[in-house]
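Understanding the architecture of this molecule
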Amino acid sequence: MVVQLTASLLDGLLLGAIYGMAAMGLNLIWGVMSVINLSHGAMMTLGMFGAYALFTYAGINPYLALPLIAIGGCLFGFGMYWIAVHRVINAPHLASLLSTFAVNMVIIGAGTTLFTASPRNIDYSIGSLHIGPIILQGTRLVAAGIAVLMAAALFVFLNRTFLGKKIRAVANNRAAAELMGIPSTKVLAISFGIGTMLASVAGFLISTIFPFTIYSGGSYEPKSFVICVLGGLGNPMGALIGGLILGALEGAIPAFLPVGWVPVLEFALFVAILVVRPTGLFGSK
Amino acid sequence: MFCTPVIRKNCLFLLVICWVCLITAGCTQKVEQSKTGGQPVERTVIIGFTASQTGKFNVESTRQINGLNLWIEQVNSSGGIRLGDGTKIKFAARFYDDESNKDRVQELYTKLISQDKAEFLISPYSSGLADASAMIAEQYSKLIITAGAASDSTHSKGYNLVYQVYTPASRYLTGAFNMLSKLDEKAHNAVLIYEKDKFSTEVCAAANKYGAEKGFKISLFEGYDSGATDFAPFINKIPKGTDAVMGGGHFADGTTFAKQLFEKGVKAKFISLLVAPPEPKFAELGNAAVGIIGPSQWEPLAKYSSELSHLAGQGAEWFGPNISEFVAAYKNKYQEEPSYHGAGGYAAALILQKAIIAAGSLDTQKVKAELDKLNLMIFFGRIQFDTTPQMHGLQKGHEMVYIQWQKDAQGKLVKQVVWPEEAKSANALYPAH
Amino acid sequence: MDFWKRPGSWSVLILILCAGSAVFAFKSDNLREIAFTILLYVTLASSLNIFLGFTGYINFGHIVFFGLGGYTGFYLMSVHGWSIYTASLAGGFIASALATLIGSAILRLRGAYFALATIGINEAARAFVNNFSPFGGSTGLSLNFSVYHQYGGPSKALWTTYGLMLIAAFAVVLISLVIRHSRFGLGLFAIREDEDAALTMGVNAPLYKTLAYVISAFFPAVVGTLFFFKNGNIEPGDAFRLHMSIEVLVMVMLGGQGTVLGPVLGAAAYERLRGLLLTSSALKNLHLLFAGVLLLLIVLFVPEGLVGSLRKRFAKLRKVLE
């Protein structure tokens, strides 16, 4: 039983790191510009298909394709900001929710027409790690490692670089940042790009572990919401911790209950936190 | 932007007009009929179905459709069927992509019946989708032959016009337990991990009961959501020293499950998964596929000697091509070995053909009467339908065989029939690893 | 309560009644199916409009009542043998009761938090029903075919269900009109404009919001029962499709949130487009793409939707376009 629980927890934590990194993207965008990006799931899907396309048609090793996916995701987000978000950034929330959702529909619609709804797989195996009686998939370990590295990189970026400081300033008070000479619109666009980049990299990492379809992003998106709310909207690092907590829960619960109950508990927790403590565990808004 | 309100106003007007036109356009229909002066009349009969060309069933469904299309091609090129009144009929398929999605199925079958005037229907692949289509067929009093659908419960709903080709789900894994007991008297515990759809749930519920009756301890009995990709929570729960892992669902999740079982180093002696192993594509898993057993509705290698020998005593009549003829024709057209999914599609249409010939008419009730009386032997195996009101249309003549992936002398992966003993082409590899 | 004095009200009601009844005259199964689906979405969109359009609260999880009500009604029909008439009404009332419960928890949230909470509720409901064995768990429930004989055979049952759907669509539009021109409606609009100011002016916002939420929950439940009765089976995956919920939202936005004609036209146009594209193998998912682009354009440039912007630009049309 202990072995099973440990194995489950480890598996869950590894996945949780990836979920956490994905949620960081959502969280960053929310924190900086109060926009909830409803195309988050679609961005993850684009990361998955990007990796698939590069692997299948160009023969590029998935891990080497990572920088390409990241840059692609960032540029897409940057562009998406100007098209869909810029005009409605000061409008009531419904507008930005709907505009990002519209982009989501466009991506899914185009994606289903181009790639169809059939499942895809990146057949890349790097063996497993044996820790005593517990066996962990190699792809899962590497993916979790990359996720943690990216989270650390984001932390360093936000706190130690000049651009990161600008982003935090705009998040804090946009008007004041403008007054201090920071081009807030450009900063917002860049932040949006970073947010979508994290989502697409997370998607890519997931594609190395599991098969996926054009709709897969949509099934990971609610998890990102849960994590953001758990960790606290407005604090990107909180998202990572929220992700690890969710991963641990997903790993621990099946040891005691049928696995089917995990989503019920996840979403019940989600609603409970929203009602009781909307700022989450580490949130600032 | 000054002109846009005018455009928008016209757009609204146009929209309303379009809407009215489109609705009324649905009323005018043309029934397909080629008229020739006097006798004999030639007619094209539309067979309607949906195909999962995309979505998670695309692998199995494509093969099922292949079988169907092969039949249509053969029947038409041999001159079609002649009815009792001299009419010559040929067949045409009319199908849409259901994307492996249930609500599309019901909408599309309604369209096939009311708009495309399909006279006979074949089900989509998979019990869940077939169940949905059966309801529609029955509502509009159209005959439907289900291929790719093994669920027993579909036939307990009071249907009259739904006929099943596959061996029912309740008999899928019972043979696996029989085989395991024969191979290893000491094997006594098993786990059942299954997809939570109609088919897999029914298979494993029946297997659970049967296994317990045979003295097995089922230490884990859990379902996963359709579309699940992460099997680690389930694999982690498999107790150490488990003799047999059984279950799975359909091709996509079955292959993922097999792959993750391998990656996590599960050392069960007997692994039997549904639907996926009999598909030739399963071999793409490489080493992860070795030793995996799968129940199959039909195999090119299976020798139906046992059934053939009982033929004489049971009054079954032979119809259609034999196994090698079918395999050759399928391979010729599609450049791959047929799996039971392809065979099932062909068999469904073949059965319909026999019933229409016997009835000498296209009238649904007359064809239905013939199906009820049917006692047939075809390349696919024996076909006979349950005609009791409680389980009308359930397949009661057909039996399963079991295959296993093994490495041949050159190290290449091949599929061997390992059960029942009378039909096997090789001995089972036990333990699997 | 002067809604009947406005020609706009009458035009909407007559449109629905005439177009819906014309289907009976044609006696075509195909036409009936098309009309059934259109009326289904008209009802869903109009009921969503009562909450989202009038109070301005973003409800992404509207479909949860379609699912919960549908399941309740279906359960009563398949397990306890109730008739479609009583089962659909029972489904409606139970959904409304659940809405009161859910509303008491989440209606105090604002803006995006509320939207997220509605998504969470829908997902939680689906995951719960997936594990709830009286409702059949993940394989759901189905009707024994003999049930249709109670209504004179499957054909008559399908036509009866269509008739009930028409009544439901008519009812929800009527209620929307009544609310729109009542003091209650005025309070809802005040909440939409500025909830705090409304509270200060004496509008009982919590009560009004809850009432609007409860009313908006009734109709999806009723039509849910009708829809699943027609299909003969229900599964968690069909009943709680978040995607469907969002499509209904698009319909409301497309037509014009807050108006009554808007959701009707938006639903009809969108649904007809989807139905046409359904059978085309190349284009069948293009309606999503098209809807996405359309939604984006609407949100960015014409947030009031078709009917809303017409009303804004042409004051004379206001009496006619409700």
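Residues numbered from 1 in each chain as written. Chains lettered and ligands numbered in written order. Predicted model: local features only at pLDDT ≥ 70, side-chain atom pairs only at ≥ 80, totals over all residues.

Each helix and strand in chain C was counted, giving 14 helices and 2 strands. Principal-axis analysis of the C-alpha atoms places the extent of chain C at approximately 55 × 45 × 40 Å. In chain C, which comprises 322 residues, the proportion classed as buried is 60%. Long-range pairs, those at least 24 residues apart, make up 77% of the contacts in chain C with a sequence separation of at least 6. (Helix = DSSP H or I, 4+ residues; strand = E, 2+ residues; numbered from the N terminus. Buried ≥ 20, exposed ≤ 12 C-beta atoms within 10 Å, placed from the backbone. Contact = placed C-beta atoms within 7 Å.)

Secondary structure summary: chain B contains 12 helices and 16 strands in total. Residues classed as buried in chain B amount to 52% of the 433 residues present.

Another point: the domain arrangement of chain B. All names here are of chain B. When the domains of chain B are assigned, the result is domain 1 (42-167 + 306-383) and domain 2 (171-296 + 400-423). Tallying the contact residues gives 18 residues for domain 1 and 19 residues for domain 2. Elements with a contribution of two residues or more to the side of domain 1 that touches domain 2: α2 (58-77) and α4 (127-139). Top contributing element to the side of domain 1 that touches domain 2 by residue count: α4, with 3 residues. Each residue belonging to the side of domain 1 that touches domain 2 can be placed in one class, and the counts come to 4 nonpolar, 8 polar and 6 charged. (Domains from an automatic or database assignment. Nonpolar A, V, L, I, M, F, W, Y, C, P; charged D, E, K, R; others polar.)

For residues with low pLDDT, the predicted coordinates do not support detailed interpretation. Looking at chain C as a whole, the pLDDT averages 89, with 98% of positions reaching at least 70. Model confidence for the complex: the whole-complex pTM is 0.87, and ipTM, which rates the interface, is 0.86. (pLDDT = per-residue confidence, 0-100.)

Take the sheet that holds strand β11 (residues 292-296) of chain B next. Residue and element names in this part refer to chain B. Overall, mixed pairing links the 7 strands, which are arranged β8-β7-β9-β10-β11-β15-β16 in an open sheet. Edge positions in the open sheet fall to β8 (217-224) and β16 (413-419), since each of these has one partner strand only. Averaged over all adjacent pairs, the angle separating strand axes in this sheet is 25 degrees, with direction ignored. Both strand β15 (residues 401-407) and β16 contribute to a ladder of 6 bridges, which runs antiparallel. Considered in β16, the bridge of Lys 407 is made with Leu 413. (Pairing = 2+ DSSP bridges. Axes fitted to C-alpha atoms, helices over the stretch in contact; angles between N-to-C directions.)

Here we take up the environment of Glu299(B). Residue and element names in this part refer to chain B. For Glu 299, the location among the structural elements is in the loop between β11 and α9 (305-314). For Glu 299, a count of 22 C-beta atoms within 10 Å puts it in the buried group. Spatially, the C-alpha atom of Glu 299 lies 9.1 Å from that of Gln 416, the residues being 117 residues apart in sequence. Once residues within four sequence positions are removed from consideration, Glu 299 is found in contact with Pro 278, Tyr 340, Val 401, Ile 403 and Val 417.

Listed by partner, the interface residues are 33 residues for chain C and 34 residues for chain A. When contributions to the side of chain C that touches chain A are tallied by element, the ones reaching two or more residues are α4 (84-106), α5 (111-131), α11 (242-255) and α13 (286-301) of chain C. In terms of residue count, α5(C) provides more of the side of chain C that touches chain A than any other element does, 15 residues in total. Per-class residue counts for the side of chain C that touches chain A are 26 nonpolar, 6 polar and 1 charged.

Ranked by size, the top nonpolar core spans 218 residues in total, and within it Ile18(A), Met21(A) and Leu295(C) carry the most contacts. The biggest single contributor to this core is helix α1 (residues 2-33) of chain A, with 19 residues. Filtering out sequence-adjacent residues up to four positions away, Leu295(C) remains in contact with Leu98(A), Ala102(A), Met105(A), Val250(C) and Met253(C). Core analysis: the second largest hydrophobic core is formed by 125 residues, Ala51(B), Leu143(B), Val367(B) and Ala428(B) among them. (Core = buried A, V, L, I, M, F, W, Y, C linked by C-beta atoms within 7 Å.)

The next thing to look at is the pairing of strand β1 (residues 128-131) of chain A. All names here are of chain A. Here β1 pairs with strand β2 (residues 134-137) via 4 bridges, running antiparallel. In the sheet register, Leu 129 faces β2, and the bridge partner there is Leu 136. The hairpin turn running from β1 into β2, its antiparallel successor, is 2 residues long, and Gly 132 in that turn takes a positive phi close to 60 degrees.

For the rest of this paragraph, the subject is the packing of helix α1 (residues 7-26) of chain C against helix α2 (residues 29-55) of chain C. Residue and element names in this part refer to chain C. In the contact formed by α1 and α2, the axes pass within 10 Å of each other and the chain directions differ by 160 degrees. By the angle between their directions, the pair α1 and α2 is classed as roughly antiparallel. The handedness of the crossing between α1 and α2 is left-handed. On α2, the residues that touch Gly 20, Val 23 and Phe 26 of α1 are Leu 31, Arg 32, Ala 35 and Leu 39. Its residues assigned to classes, the contact of α1 with α2 shows 5 nonpolar, 1 polar and 1 charged. (Parallel < 35°, antiparallel > 145°, perpendicular 65-115°, else oblique. Left-handed = near helix turned anticlockwise from the far one by under 90°.)

Residues and elements named next belong to chain A. Relative orientation of the contacting elements helix α6 (residues 162-172) and helix α8 (residues 184-209) amounts to 105 degrees, with a least axis distance of 10 Å. Here α8 runs roughly perpendicular to α6, going by the angle between their axes. Contacts between α6 and α8 involve Lys 166, Ile 167 and Val 170 on the former and, on the latter, Ser 184, Val 187, Leu 188 and Ser 191. Looking at side-chain class alone, the contact of α6 with α8 contains 4 nonpolar, 2 polar and 1 charged residues.

Moving on: the interface of chain B and chain C. Listed as interface residues are 34 residues of chain B and, on the opposing side, 31 residues of chain C. Elements that contribute at least two residues to the side of chain B that touches chain C include exactly α1 (4-25), β3 (88-97), α3 (102-114), α4 and α6 (198-213) of chain B. With 8 residues, the top contributor of residues to the side of chain B that touches chain C is α1(B). When the residues that make up the side of chain B that touches chain C are grouped by side-chain class, the tally is 11 nonpolar, 9 polar and 14 charged.

In this section: helix α11 (residues 340-359) of chain B. Residue and element names in this part refer to chain B. Between the first and last C-alpha of α11 there are 28 Å, a value that for 20 residues agrees with the 28 Å anticipated at 1.5 Å per step. Within α11, 17 of the 20 residues are buried, leaving the element largely enclosed by the surrounding structure. Count one or two residues on from α11 and you reach Gly 360, which has phi positive near 65 degrees. (Expected span 1.5 Å × (residues − 1).)

Moving on, we come to the sheet that holds strand β4 (residues 120-122) of chain B. Residue and element names in this part refer to chain B. Spatial strand order, β2-β3-β1-β4-β5-β6: 6 strands in an open sheet with mixed pairing. One side of each edge strand has no neighbouring strand; the edge strands of this open sheet are β2 (81-82) and β6 (162-164). Where strand β1 (residues 42-51) and β4 come together, 2 bridges link them in parallel fashion. Pairing of Gly 48 across the sheet is with Leu 121, part of β4. Sitting on the sheet, α3 touches β1, β3 and β4, and the angle it makes with β1 is about 175 degrees.

Quick look at the confidence of the model for chain B now. This prediction gives chain B a mean pLDDT of 86; 88% of its residues lie at or above 70. A low-confidence stretch, residues 21-38 of chain B (pLDDT under 50), is modelled with 19 contacts involving residues beyond four sequence positions or located in other chains.

Residues and elements named next belong to chain B. Following Trp 419, the chain continues to Pro 420 via a peptide bond in cis, the omega torsion being 0 degrees. Residue Tyr 430 is joined to Pro 431 through a cis peptide bond whose omega torsion reads -5 degrees. Not every positive phi belongs to a glycine, and Ser 100 is a case in point at roughly 60 degrees. Position of Ser 100 among the secondary structure elements: in the loop between β3 and α3.

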